[in-house]
Amino acid sequence: MTDPGGPPVRVDLPATRPVAGGAVAALDGVALVTIDRPSTLNALSSDVLRGIADACRRLDADDACRAIVFTGAGTRAFAAGADIAEMAAETAAGLAASGRFDDWDAIRRIRKPTIAAVRGYALGGGLELAMSCDMLILGEDAKLGQPEIKLGILPGAGGTQQLTRAAGRARAIELILTGRVIDAAEADRIGIATRVVPAAEVLDAALDLAATIASMPPLAVRTAKESVRLAEEVPLSVGIRHERQLFYMLFGTDDKAEGMRAFLEKREPTWRGR
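Quantities reported herein were computed from a predicted structural model and do not represent experimental measurements. (Residues numbered from 1 in each chain as written. Predicted model: local features only at pLDDT ≥ 70, side-chain atom pairs only at ≥ 80, totals over all residues. Heavy atoms only, no water.)

(A) How the structure looks around the side chain of Glu186. Within the secondary structure, Glu186 is located in helix 8 (residues 184-189). In this structure the side chain of Glu186 is engaged in a polar contact, spanning 2.9 Å, whose partner is the side chain of Arg180. (Helix = DSSP H or I, 4+ residues; strand = E, 2+ residues; numbered from the N terminus. Polar contact = N/O pair within 3.5 Å; in protein donor to acceptor, adjacent residues only side chain to side chain.)

(B) Representation of a nonpolar patch on the surface. Together, Phe247, Tyr248, Phe251 and Met260 make up an exposed nonpolar region whose accessible area comes to about 470 Å². Looking at the secondary structure, you find Phe251 in the loop between helix 11 (236-250) and helix 12 (254-264). Residue class for Phe251 comes out partly exposed when judged on its relative accessible area of 44%. (Patch = residues over 30% accessible without salt bridge, like charges linked within 9 Å, V, L, I, M, F, W, Y side chains within 5 Å. Areas by Shrake-Rupley, 256 points an atom, 1.4 Å probe, with all protein chains shown as cover. Salt bridge = Lys/Arg side-chain N within 4 Å of Asp/Glu carboxyl O. Buried < 20%, exposed > 50% of the residue type's maximum accessible area, 1.4 Å probe, protein only.)

(C) How the structure looks around the sheet that holds strand 11 (residues 182-183). The mixed open sheet is built from four strands, whose spatial order is 6-8-10-11. Where the open sheet ends on each side, the last strands, each with one partner, are strand 6 (77-79) and strand 11. Sitting on the sheet, helix 5 (residues 125-132) touches strand 6, strand 8 (121-123) and strand 10 (143-145), and the angle it makes with strand 8 is about 95°. (Pairing = 2+ DSSP bridges. Contact = heavy atoms within 4.5 Å. Axes fitted to C-alpha atoms, helices over the stretch in contact; angles between N-to-C directions.)

(D) Geometry of helix 11. A rise of 1.5 Å per residue sets the reference length of helix 11, with its 15 residues, at 21 Å; its end C-alpha atoms lie 21 Å apart and thus fit the reference within 8%. Listed as buried for helix 11 are Gly239, Leu246 and Leu250. For helix 11, the angular spread of the buried residues around the axis is 40°, confining them to a single face. On its buried face, helix 11 is in contact with helix 10 (218-230) and helix 12. (Expected span 1.5 Å × (residues − 1). Arc of directions from axis to C-beta.)

(E) Expanded view of the layout of surface pockets. Roughly 940 Å³ of volume is contained in the largest pocket. In terms of lining, the largest pocket is formed by 33 residues, of which the most central are Ser132, Cys133, Asp134, Arg229 and Glu232. When contributions to the lining of the largest pocket are tallied by element, the ones reaching two or more residues are helix 4 (100-109), helix 5, strand 9 (135-139), helix 6 (159-167) and helix 10. A class-by-class count of the residues in the lining of the largest pocket yields 15 nonpolar, seven polar and eleven charged. Counted as a void, the second largest pocket has a volume near 540 Å³. Ala82, Met87, Glu148, Ile153 and Leu154 are the residues nearest the centre of the second largest pocket, which is lined by 27 residues in total. (1 Å grid on protein atoms, 1.4 Å probe; cavity = no way out; pocket = protein on both sides within 12 Å on 5 of 7 lines; lining within 4 Å. Points joined across faces, edges and corners; volume = space filled by probe spheres on them. Nonpolar A, V, L, I, M, F, W, Y, C, P; charged D, E, K, R; others polar.)

Okay, here's the thing in structure tokens:
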């Protein structure tokens, strides 16, 4: 069930933000994906996950999009977790056949840089979604956790892996085995957050960061993200070898020539994405 008045996931490209005088400014290259189920604290039903995955696929193929911000409608939650009423009826065979994790894989495969703008609760699948993003901007009111253990299950959409990589084994296993919820300050201390800001500033801070990234050369941004992400998965020697291949590749691009020429001519570059 979705909230009345529209689809459970909204996509705005370009995203906008308020400016002085009550007007709004379009943020070139920035897309905003909003989970819009505030009456359920933006719970991640199968429809919501499908909507997010479809948005990721479309935006990844759209040259007008160069950075993506994910957020939840309202102020109480980014996403409070899976839709438990829906999950309670699932069986092992039904879940395996549902293709639910295909949507999670599509979210993680997106090549464009992604930012989670988190206010309120990001629990269970909500935290897994936030950690699937490249950067997390947390409001001071954020509450994060993987409470699946209290339902007789474990995090199944990457939580055990992502939290361990972000916070280390000792902290991750304590949080996962107890289901303890942490605040933004602790999330920052253990390495989950990119930045913590006052709650009312979360979305603007995420959009501003996305706009800065969107103003950079698209090919260099995409390959840099690829290289950093690979560092979580392969030995150092393999990561360095792949980084070097990407470095060589960028020297054959128009953007490399334009960036260095603009630097020498003391002017702003014009990126072509090729």
